[in-house]
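What follows is each chain in one-letter form.
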Protein chains: 2
Amino acid sequence: MTTYTAPVKDMQFILHEMLDVSTSGIPGYDELEADFTSAVLEEAGKIASEVMHPLNATGDQEGCTLENGVVRTPTGFKAAFDQVREGGWTALDCDPEYGGQGMPYVLNTAVNEMFSSSNMAFNMYAGLTHGAYSAIHAHGSDEQKAKYLPKMVSCEWTGTMNLTEPHCGTDLGLMRTKAEPQGDGSYKVSGQKIFISAGENDLSDNIIHLVLAKIPGGPDGIKGVSLFIVPKFIVNENGTPGERNGVSVGNIEKKMGIHGNATCVMNYDEATGWLLGEEHKGMRAMFTMMNEARMGVGLQGYAQAEIAYQNAVSYAHDRLQGRDVTGVKNPDGPADPLIVHPDIRRTLMDQRSFAEGARAFTMWGASMIDRAHRSEDKDADGLISLLTPVVKGFLTDQGFNMCVAAQQVYGGHGYIEEHGMSQFTRDARITQIYEGANGVQALDLVGRKLAQDGGKHVMAFFDLVKSFIKENSDNEALNDGFLEPLKAASKDLQAAAMYFMQNGMKNPNHALAGSTDFMHLFGHVCLGLIWSQMGKAAMGALEKGAADADFYTNKIKTGRYYMARQLPATKMHLARIESGADPVMDLAPGAF
Amino acid sequence: MTTYTAPVKDMQFILHEMLDVSTSGIPGYDELEADFTSAVLEEAGKIASEVMHPLNATGDQEGCTLENGVVRTPTGFKAAFDQVREGGWTALDCDPEYGGQGMPYVLNTAVNEMFSSSNMAFNMYAGLTHGAYSAIHAHGSDEQKAKYLPKMVSCEWTGTMNLTEPHCGTDLGLMRTKAEPQGDGSYKVSGQKIFISAGENDLSDNIIHLVLAKIPGGPDGIKGVSLFIVPKFIVNENGTPGERNGVSVGNIEKKMGIHGNATCVMNYDEATGWLLGEEHKGMRAMFTMMNEARMGVGLQGYAQAEIAYQNAVSYAHDRLQGRDVTGVKNPDGPADPLIVHPDIRRTLMDQRSFAEGARAFTMWGASMIDRAHRSEDKDADGLISLLTPVVKGFLTDQGFNMCVAAQQVYGGHGYIEEHGMSQFTRDARITQIYEGANGVQALDLVGRKLAQDGGKHVMAFFDLVKSFIKENSDNEALNDGFLEPLKAASKDLQAAAMYFMQNGMKNPNHALAGSTDFMHLFGHVCLGLIWSQMGKAAMGALEKGAADADFYTNKIKTGRYYMARQLPATKMHLARIESGADPVMDLAPGAF
């Protein structure tokens, strides 16, 4: 019942008018001419709408099944997966040395949004593979890269990340999975891992599991964790999948959503594995995957909000209910469409201004990652490292809220599975949880990232805001509704950071008790800045007399909405933060 | 996997220390001695924990089935339903003339919370019956009352509300169901109704459907709607169920939650019905049910938050993950329990302070309803009529958010259905939608209730806050963290009301665009007032040297948390409201 239209025009606006990619000086970005990206995005949009989205609801209803150790993905997934990988879509930003197309990450991000919006559960099979690819690419030996990467780039083989165990998720130092060295460079890996997305499937010829485990005799806790490559089928000398390894699926979970993706309990029973990267440095290698995964999960959050919004708009146009109090709008019909009602308009504007802002923020973040990797720009790397928890935590919390809001537009019909709005909410819910629950993102932000490199990166962020405001202080149009709210929100963020500095030394709980509020405050300021940048770009286009003036005018109006209606949240978050740890911690654990 | 413990002590505190029911002068409240209410609540709590809750997860997994027109409720529902009604629980506040126990509504509300927390889908069968009972009790003829009420009080027969049709939910004026007079006082009712909770079931011997329909030739739109009693089996002269009526179930919906309750498509095919109340005055009669239902749905919202909170607390105690940054708390274990972490504590305090505040607010509201009904107090009636949309809209939006927050405490395990936290979220979701979606509640509040009787009731509410602050201005303990935030929040509410008055005249959209924010702002002020009242009662008990000082101290701490961490939301809502309709309405419908 739901439909999906890829927001190609909006992505083109972000790439070429806001980020101005082809003149940005980032290596490889000169390829990103408007015609080229338009062609790629149009084509990806078709795959998303026509191949992936039709399998979204059926995948949810049918789910995955486990029979005799074999996972069957929903009907149609295999054919669609083949079509996607044969079209080269899984290789877009991969290293040409291993069969990739070498495109910038920013373009891959745009495509990934489309694929996530249209069918999140389906897209995760390729998404996890990409994460595993990145870890092997960054930390593998030449031999390992040659052996695994080409097949993973083409998604003939898929990949997984194995971190969580039944008794430990966030606190991986408690891990029990063991890896015994065999003296020939291989290890015997034994233990149980849970919540392994895409852990087993019938889409690929082999599955390359990346598994965290402890080598006996190593340091205690997190410092004794190493990362291993454990293929489902041990790869023969000639590169074909050979002997079945000692890894099997114990169970697949019944979940609230993403039914189309098999979430597996994986049992490793003396499975043969090979060390990826250095002994006991497993977390470092895993973080390569996790940072990418966290950006990707933030993207999933707003991607679900985007498709939910599109369908809410369509329902609000079609459903006739009540009359516009300021005057009948549909005199020939029995009632006016929902969209005339101010409270419906408010919620649609919330959704729209969030999804567009989040998209631009994420694509800007992706361009920072490209800058960091392609120019070895340490400042860009530091900035995006600071913002990764904001992308993950803020965009998924808000993304989920917006799915709920879009579902609400449908009234009672939103609660009926047949209409598809419930699925967006249920699928989006996982994004707040996996790859580090959002509370852990907030802890990472406040407890680690803020102070990283002496607080240099957060200062760089404040400078970014400050110089944008200063540079544009004469811009009358931007002064109308953009610069003042941005300034005020940014002041709130600085006040919150100052509160942490002054009080967190005495008692770290003064900072930690405000961590989630800080993450949201930060997110709003980021979107405030991004909306101001988009507003400026749109105003520039109008001044130049660009065609399709409506597009730019609507962009500015949507931005003004965000500034007027969403940024006031920063005051609330600051007040909560400044109330400190006492109200939070006063009640003793035993009193709960 | 989940458990439920009835909050008897907290309810006793509200009844006897905050509301001081037995000296309140409300007729019938003298019966509510502490020993008596304690005995009732303890017993109800046992039913909730031991009879209802064990069927909550199984009811969700199994759901209802429709076979050959017969709905089967989940295994165990019938036996439990019989036990509940034989125990007299469905008759608690019903009229003794028809077999009820005549207890005040406030006591029924407390029991209803327990039943809703422990198994919402199950409790709806009795809940809908109670609503239909109330409508017949208020609008039926003596003969109708004698015929239907005794069996509905005992729940031998259940009841339903039939409003929605496929093309109309909120806008009931579009209704197509017809009722043709037969000249003998009966009507032939024909049409299709959807989303009929408990529309068909195997728990009862008869089902008394209350159905809105149009008598041909009557006024157009909502003014031509009448209410009819349409029993599943036409009742014989001797009071037994007789001939099967022309009503049948077309389908049962697959929903996001409340799987244990059958949501039916009901087909009326020349079914025999009798007018309830006056011709064309059906909405008035229906509102009797709807106001009660709206209070009941608000209650469901926080009742789900309560049980979700209880289970989140239990997980936070048991799950060992990470270490307290201020010092190890569980040195003998591999890690500290989740509850040591400030961000976990923050979310638990959010949940706790909401659930306790919402409970007291709802029970206070129930006492207003008792006052209105039992003393024919028009002011109490006006006040609770004003606050009904706040109870419904605010408590369900926040209740849902708190279920999501409780689910989040479980990390990945919260997403797995087996742990039961997903069900609370999925079940709570409907409370924001049914009995008038929350946007419609906000519209009712701002568009109708605010100005009712010349704004008298909202002024009375402001007076209530003002006089509480004034009366207690010398109370030092209450000045510590309660009175100032309450004053500030109340000022924000007044400013918002003032904004609507000054701008809504020019353009009603200036008010309507802020309606949802206003409803939330109002809700926070209500909970701020209620928390201040509870704080005062707890301080009074401590001064008198009451036993269990910890209970009162924790109550005060929880209240201070709400005031410090939740009330700052009023500033955000006010800023959004004061930005007016322009940002909301600027984008033309065609631009979406």
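Residues numbered from 1 in each chain as written. Chains lettered and ligands numbered in written order. Predicted model: local features only at pLDDT ≥ 70, side-chain atom pairs only at ≥ 80, totals over all residues. Heavy atoms only, no water.

1. A short note on the overall build of chain A
On a plain count of helices and strands, chain A comes out with 20 helices and 11 strands. Whereas a compact globule of 592 residues would reach a radius of gyration of roughly 25 Å, chain A reaches 24 Å, a difference of no more than 12%. With respect to the principal axes defined by its C-alpha atoms, chain A has extents near 75 × 60 × 55 Å. When each of the 592 residues of chain A is scored for burial, the buried share is 65%. Taking the intrachain contacts of chain A between residues at least 6 apart in sequence as the baseline, contacts between residues at least 24 apart amount to 74%. Surface accessibility of chain A: about 20400 Å² in total, with carbon and sulfur atoms responsible for 50%. (Helix = DSSP H or I, 4+ residues; strand = E, 2+ residues; numbered from the N terminus. Rg over C-alpha atoms; globule rule 2.2 N^0.38 Å. Buried < 20%, exposed > 50% of the residue type's maximum accessible area, 1.4 Å probe, protein only. Contact = heavy atoms within 4.5 Å. Areas by Shrake-Rupley, 256 points an atom, 1.4 Å probe, with all protein chains shown as cover.)

2. Remarks on the relation of the copies chain B and chain A
For the pair chain B and chain A, the relating rotation is 180°, the translation along its axis is 0.0 Å, and the fit reaches an RMSD of 0.0 Å. Taken together, the rotation and translation describe the operation of a two-fold axis. Closest approach to the rotation axis within chain B is made by the C-alpha atom of B:Met572, at a distance of 3.0 Å. (Least-squares fit on C-alpha atoms with pLDDT ≥ 70 in both.)

3. Focus on the interface of chain B and chain A
With 90 residues of chain B at the contact, the number on the chain A side is 90 residues. Between chain B and chain A, a total of about 7500 Å² is buried, with carbon and sulfur atoms accounting for 62% of that surface. Of all residues in chain B, B:Tyr415, B:Arg565 and B:Phe592 give up the largest surface area on contact with chain A, accounting jointly for 13% of the area buried on that side. Inspection of the region where chain B meets chain A yields two salt bridges. The closest approach of N and O atoms between B:Asp517 and A:Arg565, which form a salt bridge, is 3.7 Å. Where chain B meets chain A, there are 50 residue pairs in polar contact (both at pLDDT 80 or more). Counted by class, the side of chain B that touches chain A contains 43 nonpolar, 28 polar and 19 charged residues. (Buried area = accessible area lost by both parts, 1.4 Å probe. Salt bridge = Lys/Arg side-chain N within 4 Å of Asp/Glu carboxyl O. Polar contact = N/O pair within 3.5 Å; in protein donor to acceptor, adjacent residues only side chain to side chain. Nonpolar A, V, L, I, M, F, W, Y, C, P; charged D, E, K, R; others polar.)

4. Quick notes on the domain arrangement of chain A
One widely used convention gives an interface's size as the accessible area the parts lose upon coming together. All names here are of chain A. What the domain assignment lists for chain A is domain 1 (285–436) and domain 2 (446–586). Distance between the C-alpha centres of domain 1 and domain 2: 19 Å. On the side of domain 2, 26 residues touch domain 1, which itself brings 27 residues to the contact. Of all residues in domain 1, the largest losses of buried area upon contact with domain 2 belong to Ser-353, Leu-386 and Phe-394, amounting jointly to 26% of the total for that side. At the junction of domain 1 and domain 2, the tally comes to two salt bridges. The salt bridge involving Glu-356 is made with Lys-555; its shortest N-O contact spans 2.9 Å. When contributions to the side of domain 1 that touches domain 2 are tallied by element, the ones reaching two or more residues are helix H9 (342–374) and helix H10 (378–409). For the side of domain 1 that touches domain 2, the leading source of residues is H10, giving 15 residues. (Domains from an automatic or database assignment.)

5. Some remarks on the packing of helix H5 (residues 105–118) of chain B against helix H9 (residues 342–374) of chain B
Residues and elements named next belong to chain B. With their axes 8 Å apart at the nearest point, H5 and H9 run at an angle of 150° to one another. Taken as axis vectors, H5 and H9 run roughly antiparallel relative to one another. At the point where H5 passes H9, the crossing takes the right-handed sense. The residues of H9 that touch H5, namely those facing Tyr-105, Val-106, Thr-109, Ala-110 and Glu-113, are Arg-359, Thr-362, Met-363, Ala-366, Ser-367, Ile-369 and Asp-370. Taken together, the residues of the contact of H5 with H9 break down into six nonpolar, three polar and three charged. (Axes fitted to C-alpha atoms, helices over the stretch in contact; angles between N-to-C directions. Parallel < 35°, antiparallel > 145°, perpendicular 65-115°, else oblique. Left-handed = near helix turned anticlockwise from the far one by under 90°.)

6. A closer look at helix H18 (residues 549–566) of chain A
Note that an α-helix has 3.6 residues per turn; residues three or four places apart therefore point the same way. End to end, H18(A) covers 25 Å across 18 residues, agreeing with the expected 26 Å (1.5 Å per residue, within 8%). Among the residues of H18(A), A:Phe551, A:Tyr552, A:Asn554, A:Lys555, A:Ile556, A:Thr558, A:Gly559, A:Tyr561, A:Tyr562, A:Met563, A:Arg565 and A:Gln566 are the ones counted as buried. (Expected span 1.5 Å × (residues − 1).)

7. Let's talk about helix H1 (residues 8–18) of chain B
Residues and elements named next belong to chain B. The buried fraction of H1 amounts to nine of the 11 residues, a majority that puts the element mostly inside the structure. Those residues of H1 that fall on the buried side of the exposure criterion are Val-8, Asp-10, Met-11, Gln-12, Phe-13, Ile-14, Leu-15, His-16 and Met-18. On its buried face, H1 is in contact with helix H2 (34–52), H5, H9, helix H17 (515–543) and helix H18 (549–566).

8. Concerning the pairing of strand S9 (residues 241–244) of chain A
Residues and elements named next belong to chain A. Taken together, the two bridges between strand S8 (residues 233–235) and S9 define a ladder with antiparallel strand orientation. Bridge pairing links Val-235 to Pro-241 in S9. Hairpin connection of S8 to S9: five residues between the antiparallel strands, including Gly-239 at a positive phi of 90°. (Pairing = 2+ DSSP bridges.)

9. Quick word on the packing of aromatic side chains
Inspection of the entire model under this criterion finds 31 aromatic pairs over all chains. Taken together, the ring pairs in this structure connect A:Phe461, A:Phe462, A:Tyr499, A:Phe500, A:Phe518 and A:Phe522 into an aromatic cluster. Just above the ring of B:Phe592 sits the side chain of A:Arg352; from NZ or CZ to the centre is 5.6 Å. Cation over ring: B:Lys9 sits above B:Phe551, and NZ or CZ is 5.2 Å from the ring centre. (Phe/Tyr/Trp six-rings, centres within 6.5 Å; stacked < 30°, edge-to-face > 60°. Lys NZ or Arg CZ within 6 Å of the ring centre and 35° of its normal.)

10. Some remarks on the environment of B:Val84
Residues and elements named next belong to chain B. Along the chain, Val-84 falls in helix H4 (residues 77–86). Sequence separation between Val-84 and Cys-155 is 71 residues; the distance between their C-alpha atoms is 9.3 Å. Each residue touching Val-84, except ones within four places of it in the same chain, is listed here: Ile-47, Met-52, Trp-89, Thr-90 and Phe-122.

11. Observations regarding the UniProt feature "domain: Acyl-CoA dehydrogenase/oxidase N-terminal" (unreviewed entry) in chain A
Listed under "domain: Acyl-CoA dehydrogenase/oxidase N-terminal" (unreviewed entry) in the UniProt record, and renumbered for this structure, are residues 78–156 of chain A. This span, residues 78–156 of chain A, is 70% helix and 0% strand, and a straight line between its end C-alpha atoms measures 11 Å. (UniProt positions renumbered as here; feature names shortened; annotations may be inferred.)

12. Regarding the side chain of B:Asp93
Residues and elements named next belong to chain B. If you trace the backbone, Asp-93 turns up in the loop between H4 and H5. Buried charge without a partner: Asp-93 forms no salt bridge, and the closest opposite charge is Arg-374, 7.4 Å away. Within polar-contact distance, the side chain of Asp-93 engages the side chain of Asn-108 at 3.4 Å. Among the polar contacts made by the side chain of Asp-93, one reaches the side chain of His-130 at a distance of 2.6 Å. (Lys, Arg positive; Asp, Glu negative; His and termini not counted.)

13. Considerations on unusual backbone geometry
It is generally the case that most residues other than glycine have a negative phi and that most peptide bonds are trans. All names here are of chain A. Positioned with a positive phi, Asn-68 is a non-glycine residue whose angle comes to about 50°. Residue position: Asn-68 is located in the loop between strand S1 (65–67) and strand S2 (70–72). At Phe-195, a position not held by glycine, the phi torsion is positive, near 60°. With respect to the secondary-structure elements, Phe-195 resides in strand S5 (residues 186–197).

14. A few points about the environment of B:Thr65
Its location among the elements puts B:Thr65 in strand S1 (residues 65–67). Other than its neighbours up to four places away in sequence, B:Thr65 contacts B:Val70, B:Val71, B:Arg72 and B:Ile252.

15. Side note on the pattern of salt bridges
Oppositely charged side chains can pair when the atoms bearing their charge come close. Going through the model one piece at a time under the given rule, you end up with 62 salt bridges over all chains. Here B:Arg85 makes a salt bridge to B:Asp82, at a shortest N to O gap of 3.4 Å. Taken together, the residues span about one helical turn, with B:Arg85 and B:Asp82 both in helix H4 at a distance of three residues. Note on accessibility: B:Arg85 and B:Asp82 belong to one class, buried. Via salt bridges that share partners, A:Asp10, A:Glu113, A:Glu306, A:Arg352, A:Glu356, A:Arg359 and A:Lys555 belong to a single interconnected network.

16. Thoughts on the side chain of A:Arg352
The residue A:Arg352 is located in helix H9 in this model. Judged by its relative accessible area of 9%, A:Arg352 is buried. Side chain to side chain, A:Arg352 and A:Tyr309 meet in a polar contact 2.9 Å long. In this structure A:Arg352 touches A:Tyr309, A:Asn554, A:Thr558, B:Leu587, B:Ala591 and B:Phe592, once residues within four positions along its chain are discounted.

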